[in-house]
Structures are given as C-alpha cells and as structure tokens.
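Spelled out, the chains give:
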Amino acid sequence: MKGNIAMKRITTLGVALGFAIAWAGTAAAQVKMGVAGPITGPSAATGAQMKNGVDQAAADINAAGGMLGQKIQVSYGDDVSDPKQGVSVANKFAADGVKYIVGHYNSGVSIPASMVYQENGILEITPASTNPTFTERKMWNTFRVCGRDDQQGKVAGQYLLKHYKGKKIAVVHDKTTYGKGLADEMLKTIKAGGMKNVLYEGINTGEKDYSALVSKIKQSGADLVYFGGLYTEAGLIVRQMRDQGVKAPLMGGDGITSEEYASVGGPGVEGTLMTYGPDPRNKPEAKAVVEEFRKKNFEPEAYTLYSYAAVQIYKQAAEAAKSVDPKKVAEKMHSGMHFKTVLGDIAYDKKGDITKLDYVVYIWKKDPSGKITYTECPADGCK
C-alpha cells in the first residue's frame, strides 16, 4: 500500500485543501496535536474513526477551557498505512511544531515514526498499534491505549485450545509487523497447549485474488482459519473461501474490527471470531460522548473512542504536570497515575503499556435488524 501524499497547509478558517495535513483552530495560545493514520487508502475507515475521535475530544476540551488554558489545535497526517509515508508525516509534524500525536494505526508505521517523534520531543499515544516492539525499546515517548499482541494472541490461542481442541487450524498472515506478529503469538499459545497448525501462509496486502490461498486452505481440511491482518484482506479471503465451498470460520484480531469487514466479506462473515477490547460504546463513562457522535450520524465504533481517550489522557497528564511540555507530561503518564477516560480508568507501566488485560472474544452474526455485526461472546463461548 503506497501512495503519494499531498502535504498542504490549510487556512485558519479550517477550509480543507488536502487530505494529508489539515489545520483547525484560531487561538493565539495553542497546543498543537496531530492525528496520524490512514486518512485514505484501504484502511480509511479506521482513519475516519481516529480523526472523528480526536476532533470531538478536542472540541469538548476546548469548550471547557482547553488544556491548561490553551486551545488544542488539531492537524491530520495521512500515512496511507505505509511506513515510509508514516515517517514523512512524522517529519512534517515535527517541522510544523506539533508536540502531541494520536496515532498511528498500523504497528509497522508507528514503530519507525516514533523514532522521528522521539528525536523531536514529540509524545505519541497510539490507539491501535498492538505489536509489543512499539513499547519495548525504552523510549520516553511511546504509549498506547490498546493492548498488545502477546496478550491478544494468547487470548485467541486459549479460546482455540478450549473450543477447537483436536481440530485443524490454518494460519494466515499479511506479512506486516502487526499481522505476522499477532498470528505468531496465537500460534505460540496453541503449540504450547499441544495443538498443531495444518497450514502457515503469508499473503500480500492489496491483492484481490486469493484463490490460490483458498485452494491450499481447502486442501488442508482446516476447521478454522486464523488470520493476522486487516479487514479488507480478511473480507476478501472469507468471500472467496465461501465461493470455493470452504465453510470453515475465520478468526481474526482487532484489525478486522470495522463494519467494513462485513461489507467486503458479505454474508459469509457470519460466524467469524475476533479478539478486541470490551466494546467501549457500552461503558457508562462513554454514554454522553457516544450519544454526541450518534447525533452527528457517526457510529463511534472500534478506534473512535480509543482516540478520544488519548486526548483525555494528554489533558489530565498536562494538568498534573502543570505543563504542556511533552517530556513532563510523559513523566506523569509513566508515574502510575490513573486517568479517567471514555474507556474507563487507564494507568500506564514504565514501558507505556496499559496495566490491564484488554481483550475478549467476539462473534460476527446478525443483530435483530438483520445487520451482520460483532457481539461479545459469553464466558462459556461463542454461539
């Protein structure tokens, strides 16, 4: 997934001249905050979630007096889910004096971009990058509001050990830092529990024809296909599996947490299993914000509220530090302080990881209206 990004400024009136960088806000004293993610490209639905989450949080905080009396000024960097473009976006943010980042989405983008942010004194909270490496490098500026793949893969593997013991598991990943890392963590868990996989294949993102892969899945006799990757490829694979008569369900991670998965995959996505955090839309702390989004005809699924929470954390940490200096804010975040967010209470360890396990299992099925969507499974397993 590669693309040319038109890096254009826009006026303080907020008139958009391009997707890559857009400026909002008119106050003289401002805290510059950037949203970095796939504003365009195959994962644009997630980029929209991140953008809307930060925009709403900034508007709510600014209406209440801002961040230590300063208005939050939001800008947007489109990385198109591409690592090189992510570094370009990071450099552009640095040149423009941005000090706080909510992003990126893809682990393979967040990791190289974070080094640019570190060198330029910029603090980063990712709402979605789950690869362990992101917070394992002893950097002062890397945090996340989501969990990690060594947690997520373990939850998926334990579910398969309990409910698919003795069954044939095919493992497919998209060769990315996130996708392969997640698949390998799940595989490590089931192997430790005595299960073996019957297939292990990598695919290329952006492809449309997965018939050769589906033929291998069919030949393997797999009872379930575990996929490490994102919703576009997952949907195409499931659709083509059903076209070739393969009825095995797919299981994926948080990368398929989008209604777009059902749009791409069609009716065959029913029965898909998925790991993701407890749905934040159901938390009492999020009720008022969720209602605000729905009034605007935007459903705040997946990473919308995760992005909103990141901005809440920045505000509360700055208030505790009595400073908008990113390093002082990061010190408060590393201190064990608890932050009140739409995701519930959040605290960080010394690495920048949240201190609670954040994954449960979901199943995709029809809701009462007939729409196929994801529903959290009960403790005794998905039905």
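For the structure itself, look to the data block above.
An account of the accompanying structure is given in this report. (Residues numbered from 1 in each chain as written. Predicted model: local features only at pLDDT ≥ 70, side-chain atom pairs only at ≥ 80, totals over all residues. Heavy atoms only, no water.)

## As for the overall build of the protein chain
A count of helical and extended segments in the protein chain gives 11 helices and 14 strands. Relative to the globule expectation of 21 Å for 383 residues, the C-alpha radius of gyration of the protein chain, 20 Å, shows essentially globular dimensions. On the principal axes, the C-alpha backbone points of the protein chain span a range of 65 × 40 × 40 Å. Expressed as a percentage of its 383 residues, the buried residues of the protein chain come to 57%. If you take every contact in the protein chain between residues at least 6 apart in sequence, the share linking residues at least 24 apart comes to 66%. (Helix = DSSP H or I, 4+ residues; strand = E, 2+ residues; numbered from the N terminus. Rg over C-alpha atoms; globule rule 2.2 N^0.38 Å. Buried < 20%, exposed > 50% of the residue type's maximum accessible area, 1.4 Å probe, protein only. Contact = heavy atoms within 4.5 Å.)

## Some details on the packing of helix H6 (residues 211–220) against helix H7 (residues 231–243)
Contact geometry of H6 with H7 gives a least axis separation of 9 Å together with a crossing angle of 60°. Taken together, the axes of H6 and H7 are oblique relative to one another. The way H6 lies across H7 gives a crossing that is right-handed. Judged by residue contacts, Ser211, Leu213, Val214 and Ile217 of H6 engage Ile237, Gln240 and Met241 from H7. Across the contact of H6 with H7, the residue classes tally to five nonpolar, two polar and no charged. (Axes fitted to C-alpha atoms, helices over the stretch in contact; angles between N-to-C directions. Parallel < 35°, antiparallel > 145°, perpendicular 65-115°, else oblique. Left-handed = near helix turned anticlockwise from the far one by under 90°. Nonpolar A, V, L, I, M, F, W, Y, C, P; charged D, E, K, R; others polar.)

## Topic: the sheet that holds strand E9 (residues 250–252)
Ordered by their spatial adjacency, seven strands build an open sheet running E7-E6-E8-E9-E10-E13-E14, and the pairing between neighbours is mixed. Strand pairing shows two members of the sheet lacking a second neighbour, strand E7 (197–202) and strand E14 (372–376), which therefore form its edges. Within this sheet the neighbouring strands show an average axis-to-axis angle of 25°, counted without direction. In the sheet, E9 pairs with strand E10 (residues 273–276) via two bridges, with the strands oriented parallel. By the bridge assignment for E10, Met251 is matched with Leu273. Across the face of the sheet, helix H4 (residues 149–163) comes into contact with strand E6 (169–173), strand E8 (224–228), E9, E10 and strand E13 (360–366) while running at roughly 145° to E10. Contacts from helix H5 (residues 177–192) reach E6, E7 and E8, with the element oriented near 155° to E6. (Pairing = 2+ DSSP bridges.)

## Here we look at the sheet that holds strand E5 (residues 142–144)
Strand order in this open sheet of five strands is E2-E1-E3-E4-E5, and the pairing throughout is parallel. The sheet terminates laterally at strand E2 (71–78) and E5, the two strands that pair on one side only. Pairwise comparison of adjacent strand axes, ignoring direction, gives a mean angle of 25° for this sheet. Sheet topology places strand E1 (residues 30–37) next to E2; eight bridges connect them, and they run parallel.

## Some details on the side chain of Ser107
For Ser107, the position within the fold is in helix H3 (residues 107–119). Beyond its immediate chain neighbours, meaning those up to four positions away, Ser107 contacts Pro112, Ser129, Thr130, Asn131, Thr177 and Tyr178.

## So, the state of the cysteines
Every disulfide links exactly two cysteines, by a covalent bond between their sulfur atoms. In total, this model carries one disulfide according to the counting rule given. Cys377 shares a disulfide with Cys382; S-S distance 1.7 Å. The S-S bond linking Cys377 to Cys382 shows a torsion near 95°; that makes this disulfide right-handed. By relative accessible area, which is 13% here, Cys377 ends up buried. (Disulfide = S-S within 2.5 Å.)

## Concerning the pairing of E8
Looking along a regular strand, one sees the side chains alternate between the two faces of the sheet. In terms of burial, E8 is largely enclosed, as five of its five residues are buried. With burial as the criterion, each face of E8 is covered, one bearing Leu224, Tyr226 and Gly228 and the other bearing Val225 and Phe227. For E6 and E8, the ladder comprises five bridges, and the chain directions are parallel. Each residue of the ladder has a partner; that of Val171, found in E8, is Tyr226.

## What about H3?
Between its first and last C-alpha atoms H3 spans 19 Å; for 13 residues at 1.5 Å apiece the expected length is 18 Å, and the two agree. Most pronounced at Ala113, the bend in H3 amounts to some 25°. Close packing links the buried residues of H3 with E1, helix H2 (83–95), strand E3 (100–103), strand E4 (123–126), E5 and H5. (Expected span 1.5 Å × (residues − 1). Bend = angle between axes of the 7 residues up to and from the residue.)

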